[in-house]
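Structure at a glance
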Amino acid sequence: MAVQLPSIFAERMKSLLGDEFEQFMKSYEQSPHAGLRVNTLKISLEQFKEIAPFDMRPIPWCGTGFYVPHGVKPGLHPYYHAGLYYIQEPSAMAPVELLNVKPGERVLDLCAAPGGKTTQIAAKLQGKGVLVTNDIHAERTKALAKNVELYGVRNAVVLNESPERIANAFPHYFDKVLIDAPCSGEGMFRKDEDMVKSWENHSVEKCVLMQRDILETAAKLLAPGGTIVYSTCTFAPEENEAMIAEFLNINPDFVVNDIPESAGFAPGRPEWVRQMLPEKAEETESVLEQTRGTARLWPHLLEGEGHYVAVLQHRAESFAEEDGSQEQGSRSQNGQAVSSDFSEPTELVDPFIRASAPISKEERKRERLMRTESREHNDRHTRGGKAQGKQGKGNERGGRKNERSQGRGADQASVDPGTVYAPFVQDNLKIELAGETVFYGDRVYQSSVGAARLEGLKVIRPGWFMGTVKNGRFVPSHPLACALNAAEAQRSVNLSSVDGEAVRYLKGETLNIEEARVERQADTAVKGYVLVCVDGFAAGWGKWLDGVLKNEYPAGWRWTSV
Ligand SMILES: C[S@@+](CC[C@H](N)C(=O)[O-])C[C@H]1O[C@@H](n2cnc3c(N)ncnc32)[C@H](O)[C@@H]1O
C-alpha cells in the first residue's frame, strides 16, 4: 500500500465499515483521480471539448467537470493561463453542484481559499448576482484573489474576515452559503500524504469546535428560505453527521434536503453517531435520522477522494414567525439599497453615479465620505505620505479608519480617479459597467455590493479590479483583461497556443506584431492598450506601438516552466 495510514484512523474505519473495510483499504492502492472543471465564464463546454488539448472523461456529478488521464499536466498549457479551466479534485466539485446556484443570487463562500469552489460558484452565477468569498487566513486569500482574477470573475468580493464579522455586515443577506469547512482531512490521505502528517495537529476535536462556530454563524448570514451547503473532506462522524444533527437540533427552522443516491454518492450514516457518540446521539435523536439524507463520497465507491456533503434548507416561514417580519430579508436590509443584481448595468455616461437603485441618505453620505477620503488620501501622498501600509498592496480595508492605514506610493498624482477612469473605459472598452464604482486610494473597482456594505471589514478585493491611477493616468489591471472577451476590447491581438508565440507572451517577452494583426474598428487608432488573447481567449494586456507589443503580463503571473 502506497499510503501509510495512522493506525488509530484505520482501526476506527474498520469498526465503522465492517465488511466494507477491505474494499475501502484497497482504494489506497490506486492513484488518486485528477480532474479539471471548464470555466464557462470564458468558454462554452462545447467549444472547450473541441479544443481540449488532452483526453477527458466526464465526471458524473459535475456537468463541467472532467477526469484527465494520469500524467497529463493541465497546468502546463497556455489555456490554463487563459483561465479556461480550474484543476480540481473530482469529489471537491460535488458541494457546489448541490448548492444549486442560479444566476442573480447572492452567494457566500465562507471558507474559500484557494478558490476552487468559488470559481465554480462564479461560473454558475454567470456574472449575475453577488459572490462574497472569504477566508480567515490572510496568506491563503492571496491565492483566492488570484484565482478569482485568473478565472475572469467580475462580481466577486474577496474578504479576509471571521464569519462573525461578516454576519454583522451582511445579516440574513445571502440566498446560498457554502461552508467548505476546515476539517481533519482524512478523505485526502490518498491524494496528499502531508494530510496524514498534519492529521495529529488538526485533531478531530479541534476541527469540531471551528465547524460548530462557522455553521452557527452561517445561519445568521442566510436569507429566509436560503440554503447552506456544508462539506468536509473527512470521514469522522463527529465532523459530519454529528455536526449536522447538532445544528438541526439547535436550529429547528432548518431541514436536511435529501441528496439523491446517484453517481456513486452513498447516504449519511446516523448509526455511526449512535455507535461512536452515544451522548450526542441521545441529545439529537429527534433530528439525527435526517442525516441519512446527507451524502458520503467514498474512494472505493466512486472515482474521487473522500468527502461529505449536507444540504441544509431554511424554512422561510419560521423566520417570519421568529422575527415578526421579513424586513431583514435578503432584498430589503436595514433600509439600505444595495445593488442586488450585478447584471444591471449602470450608465456609462457617468460610471460614478450608480443608476441601478435609489440609494439611502446614509449610503449617499458614506459614498461622499469614501470619495473625500480617496482625494485626501492622494493629497497626503503627494505631500510625501508613507508608502506601503501594513496590509500590503494587494489588500483593501473598507471604511475610513482602514483606508487611512492603507498607505500608497508617495508619487501618486492627486488626480481624482474618476476623471481618468471614465475616459479610459470609453476609449478602450466596449462594455457596460455593472455595480458600483469604488475607489480605494488609487485603485478602481466595480463592486457588486458597494463600498458602504464593506465598511470596517478587511477587504482583499471590493470587486472587479479595473486598474490604478498612476502619474495622472489610468493603468488597466490584469484582472480587467482576464475577465474580458476579445469583442469587449477596442483593440485585440490573437496569439496561437501551438506556435510558441502565446508562451513567449506568457513568459513576459516583447513581441513584434505587425499593424494588420491588431483587431480594431477602422476608426480606432492602432496605438494603445491591446487585449492579448490566446486562441481567442483573453490572457492579459499589451501596449502596441510601431510594430512592437510591449508586454504588460504581470511578473508574478508569468509562465516559469521551460
Ligand atoms: C477545505 S479548505 C477550503 C477549500 C476551498 N473551499 C476550495 O475549494 O478551494 C478550508 C478553508 O477554511 C479556512 N478557514 C479555517 N477556519 C476558518 C474560519 N473560522 N472562517 C473562515 N475560513 C476558515 C482555511 O483557511 C481553509 O482555507
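A quick note: this is a predicted structure, and the numbers were derived from the prediction, not measured.

Attention now goes to the overall build of the chain. If you tally the helices and strands in the chain, you get 19 helices and 24 strands. Taking all 562 residues of the chain together, 50% fall into the buried category. Partitioning the intrachain contacts of the chain with sequence separation of at least 6 by distance along the chain shows that 75% fall at a separation of at least 24.

With respect to topology, four strands assemble into an open sheet ordered β15-β16-β18-β19, the strand pairing being antiparallel. The outermost strands of the open sheet, each flanked by one partner alone, are β15 (436–440) and β19 (473–476). Strand-to-strand twist across the sheet, computed as the mean angle between neighbouring axes with direction ignored, equals 30°. Relative to β19, strand β18 (residues 464–470) is paired through four bridges, and the arrangement is antiparallel. Bridge assignment links Lys470 to a residue of β19, and that residue is Arg473. Sheet strands touched by helix α17 (residues 417–428): β15, β16 (443–447), β18 and β19. Its angle to β19, the strand with the most contacts, is close to 55°.

For the chain, the assigned domains read domain 1 (7–319), domain 2 (361–481) and domain 3 (485–557). Contact with domain 1, which involves 16 residues of that partner, is made by 17 residues of domain 2. Mapped by element, the contributors of at least two residues to the side of domain 1 that touches domain 2 are β6 (130–134), α7 (138–150), β7 (156–159) and α8 (163–169). Broken down by element, the side of domain 1 that touches domain 2 gets its largest block of residues, five residues, from α7.

A few words now on the site of the ligand. Near the ligand you find 19 residues, and of these Cys111, Gly116, Ile136, Asp180 and Pro182 are the closest. Sorting the residues of the shell around the ligand by element identifies α6 (116–125) and α10 (204–221) as the ones contributing at least two each. Class assignment for the residues of the shell around the ligand results in eleven nonpolar, four polar and four charged.

Let's shift gears to the environment of Gly225. By the secondary structure assignment, Gly225 is in strand β9 (residues 222–232). Accessibility expressed as a C-beta count within 10 Å gives 17 for Gly225, which makes it partly exposed. Separated by 95 residues in the primary sequence, Gly225 and Val130 place their C-alpha atoms 17 Å from one another. Setting aside its immediate chain neighbours within four residues, Gly225 contacts His314 and Ala316.

UniProt feature "active site" (unreviewed entry): in the numbering of this structure it lies at Cys233. Here Cys233 lies in the loop between β9 and α11 (241–250). Setting aside anything within four residues of it in sequence, one finds Cys233 in contact with Cys183, Gly185, Gly187, Met188, Glu305, Gly306 and His307.

Time to look at the confidence of the model for the chain. Averaged over all residues, the pLDDT of the chain is 86; the fraction at 70 or higher stands at 82%. A low-confidence stretch, residues 343–394 stays under pLDDT 50, and its non-local contacts, those more than four residues away or across chains, total 90 contacts. The complex prediction reports pTM at 0.87, with the ipTM value standing at 1.00.

Now for the sheet that holds strand β23 (residues 537–545). On the basis of which strands lie adjacent, the open sheet formed by five strands has the order β20-β22-β23-β24-β21 and mixed pairing. At either margin of the open sheet sits one strand with a lone partner, and together these are β20 (492–495) and β21 (511–512). Bridge count for β20 against strand β22 (residues 528–534) is four bridges, and the pairing is parallel. In the sheet register, Asn494 faces β22, and the bridge partner there is Cys533.

So, about the nonpolar core. Core analysis: the largest hydrophobic core is formed by 141 residues, its most contacted members being Val177, Ile179 and Leu221. Apart from residues lying up to four places away in sequence, Val177 is in contact with Leu108, Leu110, Ala218, Leu221, Leu222, Gly226 and Ile228.

On to the pairing of strand β24 (residues 548–551), then. With burial as the criterion, only one face of β24 is covered, namely that bearing Leu549 and Asn551; the residues Val548 and Lys550 on the opposite face remain uncovered. Bridge analysis of β21 against β24 gives two bridges, and the strand direction is antiparallel. If you follow Leu511 over to β24, its bridge partner there is Leu549. One ladder, built from four bridges, connects β23 with β24; its direction is antiparallel. Bridged to Lys543 within β24 is Lys550. Joining the antiparallel neighbours β23 and β24 is a turn of two residues, in which Asp546 adopts a positive phi near 50°.

A word on α11. For α11, the tally of buried residues reaches eight of ten residues, placing the bulk of the element in the interior. Within the sequence span of α11, burial applies to Glu241, Ala242, Met243, Ile244, Ala245, Glu246, Phe247 and Leu248. Buried residues in α11 make contact with α10, β9, β10 (254–256), α12 (270–276), α13 (278–288) and β13 (307–314).

Moving on, we get to unusual backbone geometry. The linkage connecting Ala113 with the following residue, Pro114, adopts the cis geometry, with an omega of 5°. With respect to the element layout, Pro114 can be found in the loop between β5 (106–109) and α6. Positive phi outside glycine occurs at His172, with the angle close to 45°. By the secondary structure assignment, His172 is in the loop between α8 and β8 (174–180).

Structurally, Ala281 is set in helix α13. Under the C-beta neighbour-count criterion, Ala281 is labelled buried, with 20 such atoms within 10 Å. Remark: the alpha-carbon pair of Ala281 and Leu454, spanning 173 residues in sequence, is separated by 41 Å. Non-local contacts of Ala281, meaning those with residues more than four positions away in its chain, are made with Val273, Arg274 and Leu288.

Rules used in this analysis
Every chain is numbered independently, its residues counted from 1 as its sequence is written. For this predicted model, a pLDDT threshold of at least 70 governs which residues receive local features, and a threshold of 80 or more governs which side-chain atom pairs are given and counted, while totals over whole chains, interfaces and linings are taken from all residues. Helix and strand assignments come from DSSP, with helices taken as H or I runs of at least 4 residues and strands as E runs of at least 2, each series counted from the N terminus. We call a residue exposed when 12 or fewer other C-beta atoms sit within 10 Å of its C-beta, buried when the count reaches 20 or more, and partly exposed for counts in between; the C-beta positions come from the backbone. Any pair of residues counts as being in contact when their C-beta atoms, constructed from backbone geometry, are within 7 Å of one another. Following DSSP output, two strands are said to pair if at least two bridges run between them. Structural elements are reduced to axes, namely lines fitted to C-alpha atoms, with helices fitted over the stretch in contact, and the angle between N-to-C directions of any two is expressed from 0 to 180 degrees. Residue ranges assigned to each domain were obtained from an automatic or database domain assignment. Whether a residue is near a molecule or strand depends on its C-beta atom, generated from backbone atoms, being within 6 Å of that molecule or strand. Amino acid classes used here: Ala, Val, Leu, Ile, Met, Phe, Trp, Tyr, Cys and Pro are nonpolar; Asp, Glu, Lys and Arg are charged; the rest, including Gly, are polar. UniProt positions are given in the numbering used here, feature names are shortened, and annotations may be inferred rather than shown by experiment. Think of pLDDT as the predictor's per-residue confidence, scored from 0 to 100. What makes a nonpolar core is a set of buried Ala, Val, Leu, Ile, Met, Phe, Trp, Tyr and Cys residues, with links drawn between C-beta atoms within 7 Å.

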